[in-house]
There are 2 protein chains.
Amino acid sequence: MSLTIIGSMAFDAIETPFAKTEKTVGGSGTYCAYAATNFMHAVNQVSIVGGDFPKEVLQDLNRLGVNTDGVEIVEDKKSFFWSGKYHLDMNTRETLITDLNVLADFNPILPKNYLETDYLLLGNLVPAIQRSVIQQLTRRPKLIVLDTMNFWMETAMADLKDVLTLVDVLVVNDSEARQLADEFSIVKAAHKILAMGPKFLIVKKGEHGALLFNGEEIFCAPALPLEDVFDPTGAGDAFAGGFIGYLASTGDLSFENMKTAVIMGSVTASYCCEKLGTERLQNLSQQDIDSRAAKFVALTNFNLQCK
Amino acid sequence: MSLTIIGSMAFDAIETPFAKTEKTVGGSGTYCAYAATNFMHAVNQVSIVGGDFPKEVLQDLNRLGVNTDGVEIVEDKKSFFWSGKYHLDMNTRETLITDLNVLADFNPILPKNYLETDYLLLGNLVPAIQRSVIQQLTRRPKLIVLDTMNFWMETAMADLKDVLTLVDVLVVNDSEARQLADEFSIVKAAHKILAMGPKFLIVKKGEHGALLFNGEEIFCAPALPLEDVFDPTGAGDAFAGGFIGYLASTGDLSFENMKTAVIMGSVTASYCCEKLGTERLQNLSQQDIDSRAAKFVALTNFNLQCK
């Protein structure tokens, strides 16, 4: 069983009410890969970086089982750079700087050993690139998960809607779901989005957890109530990586197991928020995963007395 | 086992994006009482109304087992009137008119047969009146639940903090919890509020469900995802009434049963939103309660595979 991930590998500068960093390694692909390796180790990474991207990070990912043959290194250019500032509620943020750099010319060619991947995670990126990755594959993966954001709804909606017809699971946040469906009610929005192609829709609600929709079925996962959210950057990517990593590790794509995968994504995302950057995702133990998953059980479990 | 409820009985005029009513029977006490009678029938009501309040509503409550000896009728005055308009998100609203009328001189004297009540629900009202009700009792109830709102935090914080030392459960929404504790993080706010007196804190989050705090323990209940929220007026009162009604009917005040009570409160609140005013709360069957409670199980239930 193999998982291919495509996403940015980049530098971030982050300011939160509780912390500030000048330049730290980030990018959707980096977060997704670290998150997934907590559940499985046959990960193929597709991305592009500049000569400034630390080789140690690629080596660290290799050590965790991530094949980086699909990471193009453009030695004489700079890596993608994003700078943002979080508001007090930590659910909303402001983008200060976006320097595309190498990402401006990204046109990934998948290595041959990636072409029969079992699972595919399309991290947040230009929809046309996400589609080109699907089209290069020689075998339809068992599961394709797509992450996207409002920016692509505003600039490339037609492409996005086209890619949506090709994927199994869409992951967005609540405001993006409303925007994509042009519908305020999340339940109505979900019905419209499921009619666009994906069989499953995950709506992330930050500190309010996540909803999983499949036909008429709904699952509601809480977020772990945290005293402090240190840095939410990458939490959505960590969620997606943990979600598909768990599914790939179990090979069970039933709705029941999707629910557990949403919990595992939430577990991974909750750890991600505890430290700046990817740090906390790099050293999770099975014990860490299990103990936090048990917290989600305690958080949601209740008894119904039969009358 | 008996439950005493104090709260307003009033007229509301409500405007939502989906519905509008000129004048309908409402008030925190009315919603709480109707909600509680879905679980038990020995309810004592304490309130004040004008000569304009429909006698049929009092008779309807009597039919459901609600003793209205404690409802003072001031024939030559008008009932409390509230008018409000909901925004599109249905979580925020604007008060258009507040005519206190009879409520301005409310100084309840509990009937003798109320003085040894087993359970007490102090609906949203002037904190000093809530305190006077507790002080009139000749025996400490098994459980006192207090509902309040931001208005009393702004106008009567000292009284409110004093009443908080006398109660077991506080029910507020998330912005009220933040305001009361002067703390943005809900988890930190909860710790501060529990140190003010209540052993249990319920934080209502509208469409995002509710959190129950007790010492270091947290329970997270979802809200039922609804296609349309027809009218959220009274949903918080319906929650409180369903919560304490269920606890009174079972007599079990363990944290485990409190969690189930939060679900029963959520079940009641979800029905409340389906129609304007108290209408939907008046004709719930055991089958209605059971089937919706089962939906909450389906919504939150997941399996953890042991590795």
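What counts, and at which threshold
- Numbers given for residues are sequential positions, taken from 1 along each chain in its written order.
- In the order they appear in the text, chains get letters beginning with A and ligands get numbers beginning with 1.
- For a predicted model such as this one, the threshold for reporting local features is a pLDDT of at least 70, and the threshold for listing and counting side-chain atom pairs is 80 or more; totals across whole chains, interfaces and linings nevertheless cover every residue.
- For side-chain calculations, the full set of non-hydrogen atoms in the structure is used, while hydrogens and water are omitted.
- Each helix is a run of DSSP H or I of at least 4 residues and each strand a run of E of at least 2, with the numbering of both proceeding from the N terminus.
- The globule rule used for comparison is 2.2 Å times the number of residues to the exponent 0.38, while the radius of gyration itself is calculated over C-alpha atoms.
- Contact between two residues is taken to exist if any of their heavy atoms lie within 4.5 Å; hydrogens are not considered.
- A 1.4 Å probe and the Shrake-Rupley method give the accessible areas. Residues count as covered only by the protein chains that appear here.
- Charge convention: Lys and Arg are scored as positive, Asp and Glu as negative, and His as well as the terminal groups of each chain are ignored.
- By convention, the charge on Lys lies at NZ, on Arg at CZ, on Asp at CG and on Glu at CD.
- Here the copies are matched by least squares. The fit uses the C-alpha atoms of residues with pLDDT of at least 70 in both.
- Two rings from Phe, Tyr or Trp (for Trp, the six-membered ring) form a pair when their centres sit within 6.5 Å of each other. Planes less than 30 degrees apart are called stacked, planes more than 60 degrees apart edge-to-face, and all others tilted.
- We count a charge as sitting over a ring when the NZ of a lysine or the CZ of an arginine lies within 6 Å of the ring centre and within 35 degrees of the ring normal.
- Defined here as a combined quantity, buried area equals the accessible surface (1.4 Å probe) lost by two parts on assembly, summed across both.
- Just to be clear on terms, a salt bridge is a Lys or Arg side-chain nitrogen sitting within 4 Å of an Asp or Glu carboxyl oxygen.
- Pairs of N or O atoms within 3.5 Å make up the polar contacts considered here, provided that, within protein, one atom can donate a hydrogen while the other can accept it, and that residues adjacent in sequence are counted only when both atoms are side-chain atoms.
- Note that Gly is not counted as nonpolar here; it falls among the polar residues with everything else outside the nonpolar set of Ala, Val, Leu, Ile, Met, Phe, Trp, Tyr, Cys and Pro and the charged set of Asp, Glu, Lys and Arg.
- Here, strands pair whenever DSSP counts at least two bridges between them.
- Think of each axis as a best-fit line through the C-alpha atoms, taken over the contacting stretch in the case of a helix, with angles from 0 to 180 degrees between the N-to-C directions.
- Three exposure classes are used, based on accessible area relative to the maximum for each residue type with a 1.4 Å probe and protein chains only: buried under 20%, partly exposed in between, and exposed over 50%.
- The cut-offs work like this: below 35 degrees is roughly parallel, past 145 is roughly antiparallel, 65 to 115 is roughly perpendicular, and the gaps in between are oblique.
- We call a crossing left-handed when the near helix sits turned anticlockwise from the far one by less than a right angle, and right-handed when that turn is clockwise.
- To be clear, the arc concerns the directions from the helix axis to the C-beta atoms.

Taking an unreviewed UniProt entry as the reference, chain A is identified by name as Sugar kinase belonging to Arachidicoccus ginsenosidivorans.

## Regarding the overall build of chain A
A tally of helices and strands in chain A yields 10 helices and 13 strands. The C-alpha atoms of chain A give 18 Å as radius of gyration, which agrees with the globular expectation for 307 residues (19 Å, within 12%). With the C-alpha coordinates aligned to their principal axes, the bounding extent of chain A is approximately 70 × 45 × 35 Å. Once local pairs closer than 6 in sequence are excluded, the contacts in chain A between residues at least 24 apart make up 64%. Surface accessibility of chain A: about 11800 Å² in total, with carbon and sulfur atoms responsible for 50%. Taking the 26 positively charged and 38 negatively charged side chains of chain A as two groups, their mean positions are separated by 3 Å.

## Some details on the relation of the copies chain A and chain B
Laying chain A over chain B is done by rotating through 180° and shifting 0.0 Å along the axis; what remains is an RMSD of 0.0 Å. Here the transformation between the copies is reduced to the relation of a two-fold axis. Interface overlap between copies is the fraction of interface residues in one copy that are interface residues in the other; for chain A against chain B it reaches 100%, indicating a shared surface.

## A word on the packing of aromatic side chains
Summed over all chains, the structure comprises 10 aromatic pairs over all chains. Sitting over the ring of Y271(A), R292(A) keeps its end group 3.9 Å from the ring centre. Lying over the aromatic face of F184(B), R178(B) brings its terminal NZ or CZ to 4.2 Å of the ring centre.

## Quick word on the interface of chain A and chain B
Across the boundary between the two partners, chain A contributes 43 residues, which contact 43 residues of chain B. Between chain A and chain B the total buried area reaches about 3700 Å² when both faces are included, carbon and sulfur atoms providing 57% of it. Counting every contact that joins chain A to chain B gives 2 salt bridges. Here E207(A) and R178(B) are joined by a salt bridge, their closest N and O atoms 3.6 Å apart. Where chain A packs against chain B, one counts 14 residue pairs in polar contact (both at pLDDT 80 or more). Among the elements that line the side of chain A that touches chain B, the one with the most residues is helix α10 (residues 286–300) of chain A, at 8 residues. In terms of residue class, the side of chain A that touches chain B is made up of 20 nonpolar, 12 polar and 11 charged.

## Describing the sheet that holds strand β7 (residues 93–99) of chain B
Residue and element names in this part refer to chain B. If you walk across this open sheet you meet the 4 strands as β3-β2-β6-β7, and the pairing is mixed. The open sheet has two free edges, formed respectively by β3 (20–26) and β7, since each of these has just one partner strand. Going from strand to strand, the sheet's axes swing by 20° on average, the running direction of each strand aside. Bridge count between strand β2 (residues 10–15) and β3: 5 bridges; the pairing is antiparallel. In the strand pairing of β3, I14 is matched with T21.

## Some points on the pairing of β2(B)
Most of β2(B) is tucked away: 5 of the 6 residues are buried. As consecutive antiparallel partners, β2(B) and β3(B) are separated by 4 residues.

## Digging into the packing of helix α9 (residues 255–272) of chain A against α10(A)
Residues and elements named next belong to chain A. Running from N to C, α9 and α10 point in directions that differ by 110°, and their axes come no closer than 10 Å. The orientation of α9 relative to α10 falls into the category roughly perpendicular. In the packing of α9 onto α10, the handedness of the crossing is right-handed. In contact with I263, M264, S266, V267, S270 and Y271 of α9, α10 contributes D288, I289, S291, R292, A293 and F296. Considering only residue class, the contact of α9 with α10 consists of 7 nonpolar, 3 polar and 2 charged.

## A short note on the sheet that holds strand β8 (residues 119–122) of chain A
Two strands in a sheet stick together by hydrogen bonds in their backbones, pointing the same way (parallel) or opposite ways (antiparallel). Residues and elements named next belong to chain A. Taken together, the 9 strands give an open sheet; going across it, the order is β5-β4-β1-β8-β9-β10-β11-β12-β13, and neighbouring strands pair in mixed fashion. Sheet topology places β5 (66–74) and β13 (217–221) at the edges, where each strand pairs with a single neighbour. Neighbouring strand axes in the sheet, compared pairwise and without regard to direction, differ in orientation by 15° on average. Pairing analysis gives 5 bridges linking strand β12 (residues 210–214) to β13, with the strands arranged antiparallel.

## As for the environment of K199(B)
One can find K199(B) in the loop between α7 (186–194) and β11 (200–204). It is 35 Å that separates the C-alpha atoms of K199(B) and L96(B), two residues lying 103 residues apart in sequence.

## What about unusual backbone geometry?
Residues and elements named next belong to chain A. The residue N101 is not glycine, and still its phi comes out positive at about 50°. With respect to the helices, strands and loops of the structure, N101 is situated in the loop between β7 (93–99) and β8. In this structure N101 comes out as partly exposed when scored by relative accessible area, which is 29%. Phi at D182 is positive, roughly 55°, even though this residue is not glycine.

## Comments concerning the packing of helix α8 (residues 235–250) of chain B against helix α9 (residues 255–272) of chain B
Residues and elements named next belong to chain B. Between α8 and α9, whose axes approach to 7 Å, the crossing angle comes to 140°. With respect to α9, the axis of α8 lies oblique. When you trace α8 past α9, the crossing you get is right-handed. Residue-level inspection shows A235, A238, F239, G242, F243, Y246, L247 and T250 of α8 in contact with α9, the latter providing N257, M258, T260, A261, V262, M264, G265, S266, T268, A269 and C272. Considering only residue class, the contact of α8 with α9 consists of 12 nonpolar, 7 polar and no charged.

## Describing the environment of T138(A)
All names here are of chain A. Positionally, T138 belongs in the loop between α3 (127–136) and β9 (143–147). Residues T138 and A35, spaced 103 residues apart in sequence, show a C-alpha to C-alpha distance of 26 Å. Leave out the neighbours within four places in its chain, and T138 touches L115 and E116.

## A word on α7(B)
All names here are of chain B. Along α7, the positions that sit buried rather than exposed are I186, V187, A189, A190, I193 and L194. Looking down the long axis of α7, one finds its buried residues gathered within 160° of arc, a one-sided arrangement. On its buried face, α7 is in contact with β10 (169–173), α6 (174–181), β11 and β12 (210–214).

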